[in-house]
Amino acid sequence: MPAAEETENSVKQTSTDFFESIGHKAEHLAPTTNGTNGAAQKDDDDERVVEEIESLCMNCHENGTTRLLLTKIPYFREVILMSFDCEKCGFHNSEIQSAGTIQPKGTKYILRLTEMADFERQVVKSDTAVVKFIELDLEVPPGRGQLTNVEGLLTTIVDDLELGQEERKEKAPEVYAKVDEIIKKGRAMLAGEAFPFRLTVDDPAGNSWITPNMRDGVGKWEKHEYERTPEQNEALGLAATNAPSGAPSQDDDEIIPDQVYEFPATCPGCMHPCTTNMKMVDIPHFKAVVLMSTVCTDCGYRSNDVKTGGEIPELGKKITLRVETPEDLARDILKSESCSLECPELNLQVNPGTLGGRFTTVEGLLTQVRNDLHSQIFETGTDEGGDSLNPEERSQWTKFFEGIDAAIKGEKKFTIILTDPLASSYVQKKVDPDQEDPQITTEDYERTEQEEEDLGLRDMKTEGYEADNANGTNATTETKGAEETNAS
């Protein structure tokens with residue numbers, strides 16, 4: 001019977017017994033400290049929240065104290081907060097680790113910051129996550145785990161960059177200038193002078209997180225899950241996943257959606273070998289497109305392009321989007337290479353083929369147009385412009401760019417008109433796919449003769465070409481026979 005009694009008295013413990021929210025942890029401390037001026041009771045070992053372990057300090061090699069807190073972040077998962085202090089040398093270090101398992105899929109979070117309150121968003125960065133501030137063009141590789149907010153994350157990055165600036169100024173002035181520019185941009189972001197900008201946290205292990213908000217609009221906060229590549233599984237210590245039977249392999253001619261392909265190319269800038277990445281993405285309720293990106297590590301050349309496929313439709317398509325709120329700037333937009341862009345309120349018109357194919361947001365598209373035009377008009381890199389600009393022209397261009405800047409910041413309403421003779425462009429709806437978006441108007445139209453001529457459609461023949469080829473071969477044979485007869 002003792003075994004039966006032991007079984008009845010034993011209590012099965014789960015992860016919730018160890019990993020509680022910080023609020024529940026504090027409740028455990030209340031009966032221990034109330035009425036004793038914070039003094040610990042005899043049962044302190046049973047109610048201890050923070051575990052303390054004596055450990056070696058890697059700075060002075062004396063003994064310090066490591067504190068461990070097992071807790072759970074609401075709407076996320078269990079984590080372990082670790083803090084080390086050395087009373088001998090004053091060394092301090094804090095870190096966070098995920099207490100859960102590696103998730104089945106990797107996750108990528110995107111946060112678009114538009115106001116100072118967004119800096120308070122909590123960020124969990126695991127030791128396998130890659131953090132990137134897109135507009136700052138700054139990427140932080142996997143490293144120490146952190147539990148912080150957006151402001152703390154950006155401040156830490158900028159402070160770390162400033163540490164070695166004096167040494168860079170003496171030994172590598174060119175690197176110093178580039179890093180100094182990034183630091184200035186980062187400080188401007190922290191001061192709220194560079195809104196909007198985006199933060200991404202990409203974690204193959206799926207154990208990182210950015211706090212969402214119930215008031216977030218379209219494009220404010222995004223979460224994407226993806227299948228890990230074999231290289232990412234290997235980096236995480238996981239066995240390579242075998243493709244299921246019947247699944248297409250890398251050797252097949254068919255392109256696998258969401259799979260990144262690499263192939264060698266030649267950089268058009270310096271003619272050195274480089275790599276082009278290609279990925280096919282299925283845009284919901286539209287069609288599959290191919291994203292292509294080329295990066296040259298020798299000269300820094302970067303290129304992005306979007307290619308659409310499928311059959312050529314009989315009619316072209318014209319899409320009109322009324323941008324009325326800052327949230328509309330976050331709409332996804334696909335501008336194909338054959339599409340023209342027009343914004344009457346901004347006096348902007350972009351001909352087909354000028355920007356190539358682009359899959360971005362409304363804000364990203366306007367920013368690229370603005371940067372490209374600004375570099376062409378003001379060749380000196382300042383707002384004074386080149387010597388060929390007279391004061392009147394400079395004033396007109398300055399007013400033009402001020403209008404685009406106001407539109408990018410969401411301070412001005414405008415209309416975007418996409419005219420695509422191949423009907424391969426797309427604008428994201430803010431409503432359900434089966435409903436009509438009141439801010440989007442689409443209409444089909446017949447292509448003009450000039451558009452068909454430019455696209456080469458008038459010379460394209462897809463039916464009856466076998467007979468024409470046979471007739472052409474017979475005519476060639478008869479001509480050769482006549483020439484031989486005349487020669488004889």
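Residues numbered from 1 in each chain as written. Predicted model: local features only at pLDDT ≥ 70, side-chain atom pairs only at ≥ 80, totals over all residues. Heavy atoms only, no water.

K.L.:
Which residues make up the overall build of the chain, and what values do they have?
P.N.:
Per the secondary structure count, the chain includes twelve helices and 24 strands. The buried share among the 488 residues of the chain stands at 32%. Summarising the internal contacts of the chain: among those between residues at least 6 apart in sequence, 60% fall at separations of at least 24. (Helix = DSSP H or I, 4+ residues; strand = E, 2+ residues; numbered from the N terminus. Buried < 20%, exposed > 50% of the residue type's maximum accessible area, 1.4 Å probe, protein only. Contact = heavy atoms within 4.5 Å.)

K.L.:
An account of unusual backbone geometry is requested, with residue identities and associated values reported.
P.N.:
A cis amide bond, omega -10°, links Phe195 with the succeeding residue Pro196. Examined against the element boundaries, Pro196 turns out to sit in the loop between helix H7 (173-190) and strand E10 (197-203). Of note in the backbone geometry, His61 takes a positive phi value of approximately 65° without being a glycine. Along the chain, His61 turns up in the loop between strand E1 (51-56) and strand E2 (63-72). Backbone geometry at Asn347 places phi at a positive 55°, although glycine is not the residue there. Structurally, Asn347 can be placed in the loop between strand E19 (340-343) and strand E20 (348-350). Assessed through its relative accessible area of 66%, Asn347 is described here as exposed.

K.L.:
So what's going on with the packing of helix H5 (residues 150-163) against H7? Residues and values would help.
P.N.:
The N-to-C vectors of H5 and H7 enclose an angle of 155°; their axes lie 10 Å apart at closest approach. Considering their axes alone, H5 and H7 lie roughly antiparallel with respect to each other. Both H5 and H7 take part in a crossing whose hand is left-handed. Of the residues in H7, those in contact with Glu151, Leu154, Thr155, Val158, Asp159, Leu161 and Glu162 of H5 are Val179, Ile182, Ile183, Gly186, Arg187, Met189 and Leu190. Partitioned by chemical class, the residues of the contact of H5 with H7 number eight nonpolar, two polar and four charged. (Axes fitted to C-alpha atoms, helices over the stretch in contact; angles between N-to-C directions. Parallel < 35°, antiparallel > 145°, perpendicular 65-115°, else oblique. Left-handed = near helix turned anticlockwise from the far one by under 90°. Nonpolar A, V, L, I, M, F, W, Y, C, P; charged D, E, K, R; others polar.)

K.L.:
Lay out the sheet that holds strand E5 (residues 106-113) with the relevant residues and their values.
P.N.:
Spatial ordering of the open sheet is given by E8-E7-E10-E5-E12, a layout of five strands whose pairing is antiparallel. Where the open sheet ends on each side, the last strands, each with one partner, are strand E8 (138-140) and strand E12 (221-226). On average, each strand axis in the sheet is tilted by 15° relative to the strand beside it, whichever way the strands run. Across seven bridges, the pairing between E5 and E10 is antiparallel. Its bridge partner lying in E10, Leu113 is registered against Phe197. Of the strands in this sheet, E5, strand E7 (130-133), E8 and E10 touch H5, which is tilted by about 85° from E7. (Pairing = 2+ DSSP bridges.)

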